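# An overview of the molecular structure
Read off the chains here:
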Amino acid sequence: MSTALFVIGLLSLLGTVSALIGARRLSFFMPIYFLASWLQGELAPWHLIWQSIVGLYLISNGALEQNNGQLGLLFLVLSFAGLVYLIGRAKKSELAFKQALTHALGDDYLADISPDRQQYLKQKIDSSAWLKPFSMKRDGVKRIANISYGDAGVRNLLDIYQPEKSREGGFPVLLQIHGGAWIIGHKKQQALPLINHMAERGWLCVDINYRLSPKSRFPDHIIDVKKAISWVKEHIADYGGDPNFIALTGGSAGGHLSSLATLTPNFADFQPGFEDKDTTVQAAVPFYGVYSWEADDSIKGTEDIREFVAQRILPECDLPSESPWLAKGSPVNYVREDAPPMYFIHGDYDALALVEGARKIASDLRAVSRAPVAYAEIPGAQHAFDIFHSIRCDNAVLSVCEFLEWSHGNHQKNTPDQ
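Worth saying up front: this structure is predicted, and the values here are computed from it rather than measured. (Residues numbered from 1 in each chain as written. Predicted model: local features only at pLDDT ≥ 70, side-chain atom pairs only at ≥ 80, totals over all residues. Heavy atoms only, no water.)

### A few points about the packing of helix H2 (residues 30-42) against helix H3 (residues 44-60)
Look at H2 against H3: their axes get within 4 Å of each other, and the N-to-C directions meet at 85°. It follows that H2 is roughly perpendicular to H3 by the angle criterion. For the pair H2 and H3, the contacting residues are Leu39, Gln40, Gly41 and Glu42 in the first and Ala44, Pro45, His47 and Gln51 in the second. Within the contact of H2 with H3, the residues separate by chemical class into three nonpolar, four polar and one charged. (Axes fitted to C-alpha atoms, helices over the stretch in contact; angles between N-to-C directions. Helix = DSSP H or I, 4+ residues; strand = E, 2+ residues; numbered from the N terminus. Parallel < 35°, antiparallel > 145°, perpendicular 65-115°, else oblique. Contact = heavy atoms within 4.5 Å. Nonpolar A, V, L, I, M, F, W, Y, C, P; charged D, E, K, R; others polar.)

Pasting the structure below:
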């Protein structure tokens, strides 16, 4: 029992410490660090519960009779203290999200949302949702699975999350693009807390697959996203959706693709064979994306991203680090004054996508765009913090809901004939 307490205490403390620090240059240790930091940080309340139960059980069975057991108890106590701090830090994310929207939309941005939508903003997520982190389904939401939007088989299928109650004027549309470093990932794996929350509140949500590397090479990924947007505009009314309002979202590679698609409407290089199709969207919420594939000497780590993308994602060439697609595939190179409202969300502890990139694109776009640009940098947030319910994830979902409702309402005011 003493040895068990020592081992559990040590592992618990190491996991907690990994969530407390922001490490980004760990070479081949990075995957281990990321997983420990992510799971310990977002599931801190659960770790606090199970560590307490296991610790009490071992202590009641004589685990403190030997020195290693006593040292294990010390490790657990330190882990408990760290977990309590992590929970408190996660709760502070609410303020970071609120400040981001206030800065971009104004102090009274909630008042700008129509009264008939205010009721949905007041419907907060159950505070006990963290007890069921992987419970995603919501009443009044129907999933229509595996609809084809292109000719690439399973990689060109989409799911629709449809509210059962109709909505006058049609449901505004939220299109989700999964992440996975452009090489892995599948619809149904990411952003489900956000998708179901929005669908429950009268939004029609579309979740897509797209072609992946190394079998497919860029720009196949963004071409598929553009095809999905075109499909939505042509067919979404059949499912009760409003093709005049489409918002994009996605995390990681999905953050890259959602921002790139938003900033390149009707861009011919990304629409081969359907150049005449309209692919404009009305809002976007990219999460923790990579917004530049080009190396920046002022930011450590960008050269690693460039080499990874050049070798695994882009078309093969003799000098991959000099491929023109590095620039063409970088959303930061397409900032434009007529961009729609955008809300960038990134954690300052992100070990996989550099927060400096999010800061730059938000700053560059804010300098030229006529529409609001919001940027929330979340203290202590790791990559993929929104995959399942947690304190930080649910705060993000509520904030995104406010931004999307504001964007939709503002769009309706400015386009009264639609």
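Don't stop here, the text continues.
### Remarks on the packing of aromatic side chains
Considering all chains together, one arrives at 17 aromatic pairs under this definition. Residues Tyr291 and Phe344 carry aromatic rings whose centres are separated by 5.4 Å and whose planes lie at 90° to one another, so their mutual orientation is edge-to-face. Of this pair, Tyr291 sits in the loop between strand S6 (283-287) and helix H10 (302-312) while Phe344 sits in strand S7 (residues 342-347), and the two are 53 residues apart along the sequence. Judged by its relative accessible area of 2%, Tyr291 falls in the buried class. Taking the relative accessible area as the measure of exposure, Phe344 reaches 0% and is therefore buried. Through pairs of rings, three or more aromatic residues link up here, namely Trp182, Phe218, Phe267, Phe270, Trp293, Trp325 and Tyr334. Here Lys328 stacks its cationic end above the ring of Trp325, 4.8 Å away from the centre of that ring. (Phe/Tyr/Trp six-rings, centres within 6.5 Å; stacked < 30°, edge-to-face > 60°. Buried < 20%, exposed > 50% of the residue type's maximum accessible area, 1.4 Å probe, protein only. Lys NZ or Arg CZ within 6 Å of the ring centre and 35° of its normal.)

### Points about the nonpolar core
Leu175, Val206, Ile208, Phe218, Trp293 and Phe344 are the most contacted members of the largest nonpolar core, which totals 57 residues. A total of six residues in this core trace back to one element, the largest contributor, which is helix H8 (residues 220-235). Filtering out sequence-adjacent residues up to four positions away, Phe218 remains in contact with His256, Leu260, Phe270, Trp293, Ile313, Leu314, Pro315, Trp325 and Gly329. Among the nonpolar cores identified, the runner-up in size contains 48 residues, and Ala283, Tyr343, Ile387 and Ala396 belong to it. (Core = buried A, V, L, I, M, F, W, Y, C linked by side-chain atoms within 4.5 Å.)

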